[in-house]
Amino acid sequence: LRWLHLNSNWILAYLDDTTAVYVHRERSGLPWIREVDIDAPDLFPPLDQPNGASDLVRRFGRTQFYMAMRRFEPALEFWEETIARYPDLPQGAIIHASLLQSNGLHAAAEAILRRLL
């Protein structure tokens, strides 16, 4: 995803919780293709579903997308909401530590990793 986003020959034409569609710029002249603004506050719709597999898949997808786009601040904020909702999530603490580290919060990341050890 990151490579496609940085490559000027491709534009992000569609995005949802589990799918990102990039279109070659030569084909982007079609009237129905609009580039997605990955920094838009309404990039993803609100999650109002109850806990469950679908909710969790959507949360993982959003977090991974933000991480791939190097948008670590919204990824961290969203992931902290996710682990509050799913405190026993496998790999939840490791992803949390990685996001803290990516946001420059090294001591907080180290504390999580030390606790895991």
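Look a little higher up for the structure.
One structure accompanies this document, and this report is about it. (Residues numbered from 1 in each chain as written. Predicted model: local features only at pLDDT ≥ 70, side-chain atom pairs only at ≥ 80, totals over all residues. Heavy atoms only, no water.)

Focus on the overall build of the protein chain
- Within the protein chain, the regular secondary structure consists of five helices and two strands.
- Each helix and strand of the protein chain, ordered N terminal to C terminal, gives the series α-β-β-α-α-α-α.
- With respect to the principal axes defined by its C-alpha atoms, the protein chain has extents near 50 × 30 × 20 Å.
- Looking at the protein chain as a whole, 35% of its 117 residues qualify as buried.
- Taking all contacts inside the protein chain whose residues are at least 6 apart in sequence as the whole, residues at least 24 apart take part in 37%.
- Roughly 7500 Å² of accessible area belongs to the protein chain as shown, and the carbon and sulfur atoms make up 56% of that amount. (Helix = DSSP H or I, 4+ residues; strand = E, 2+ residues; numbered from the N terminus. Buried < 20%, exposed > 50% of the residue type's maximum accessible area, 1.4 Å probe, protein only. Contact = heavy atoms within 4.5 Å. Areas by Shrake-Rupley, 256 points an atom, 1.4 Å probe, with all protein chains shown as cover.)

Comments concerning the pattern of salt bridges
- Across all of its chains, the model carries seven salt bridges by this definition.
- Of the charged contacts, one joins D55 and R85 as a salt bridge, the two residues approaching to 3.7 Å between their closest N and O atoms. Taken together, the positions of D55 in helix α2 (residues 53-68) and R85 in helix α3 (residues 72-85) put the pair 30 residues apart, joining distant regions of the chain.
- For D55, a relative accessible area of 1% puts it in the buried group. (Salt bridge = Lys/Arg side-chain N within 4 Å of Asp/Glu carboxyl O.)

Brief notes about the pairing of strand β2 (residues 20-24)
- Examined bridge by bridge, strand β1 (residues 10-15) and β2 share five bridges and lie antiparallel to one another. Bridge pairing in β2 links I11 to V23.
- The loop that links β1 with its antiparallel partner β2 comprises four residues. (Pairing = 2+ DSSP bridges.)

Some points on the layout of surface pockets
- A volume near 320 Å³ is recorded for the largest pocket.
- Around the largest pocket, the lining comprises 17 residues; the ones closest to its centre are P41, F44, Y66, P74 and F78.
- The element contributing the most residues to the lining of the largest pocket is α3, with four residues.
- The residue inventory of the lining of the largest pocket, partitioned by class, reads eleven nonpolar, no polar and six charged. (1 Å grid on protein atoms, 1.4 Å probe; cavity = no way out; pocket = protein on both sides within 12 Å on 5 of 7 lines; lining within 4 Å. Points joined across faces, edges and corners; volume = space filled by probe spheres on them. Nonpolar A, V, L, I, M, F, W, Y, C, P; charged D, E, K, R; others polar.)

Here's the deal with the packing of α2 against α3
- Running from N to C, α2 and α3 point in directions that differ by 160°, and their axes come no closer than 8 Å. On the basis of the axis angle, α2 is roughly antiparallel to α3. α2 and α3 meet at a crossing whose hand is left-handed. Residue-level inspection shows D55, L56, R59, F60, R62, T63, Y66 and M67 of α2 in contact with α3, the latter providing F72, P74, A75, F78, W79, E81, T82 and R85.
- Considered class by class, the residues forming the contact of α2 with α3 number nine nonpolar, two polar and five charged. (Axes fitted to C-alpha atoms, helices over the stretch in contact; angles between N-to-C directions. Parallel < 35°, antiparallel > 145°, perpendicular 65-115°, else oblique. Left-handed = near helix turned anticlockwise from the far one by under 90°.)

Here's the deal with helix α4 (residues 92-102)
- Taken together, the buried positions of α4 are G92, A93, H96, A97, L99 and L100. What you see down the axis of α4 is that its buried residues fit within an arc of 165°, all on one side. (Arc of directions from axis to C-beta.)

Regarding the packing of aromatic side chains
- Throughout the structure, instances matching the rule amount to four aromatic pairs.
- Their ring planes at 55° and their centres at 5.2 Å tell us that F60 and W79 sit as a pair that is tilted. Highlighted residues: F60 in helix α2 and W79 in helix α3, separated in sequence by 19 residues.
- With relative accessibility at 25%, the residue F60 sits in the partly exposed group. (Phe/Tyr/Trp six-rings, centres within 6.5 Å; stacked < 30°, edge-to-face > 60°.)

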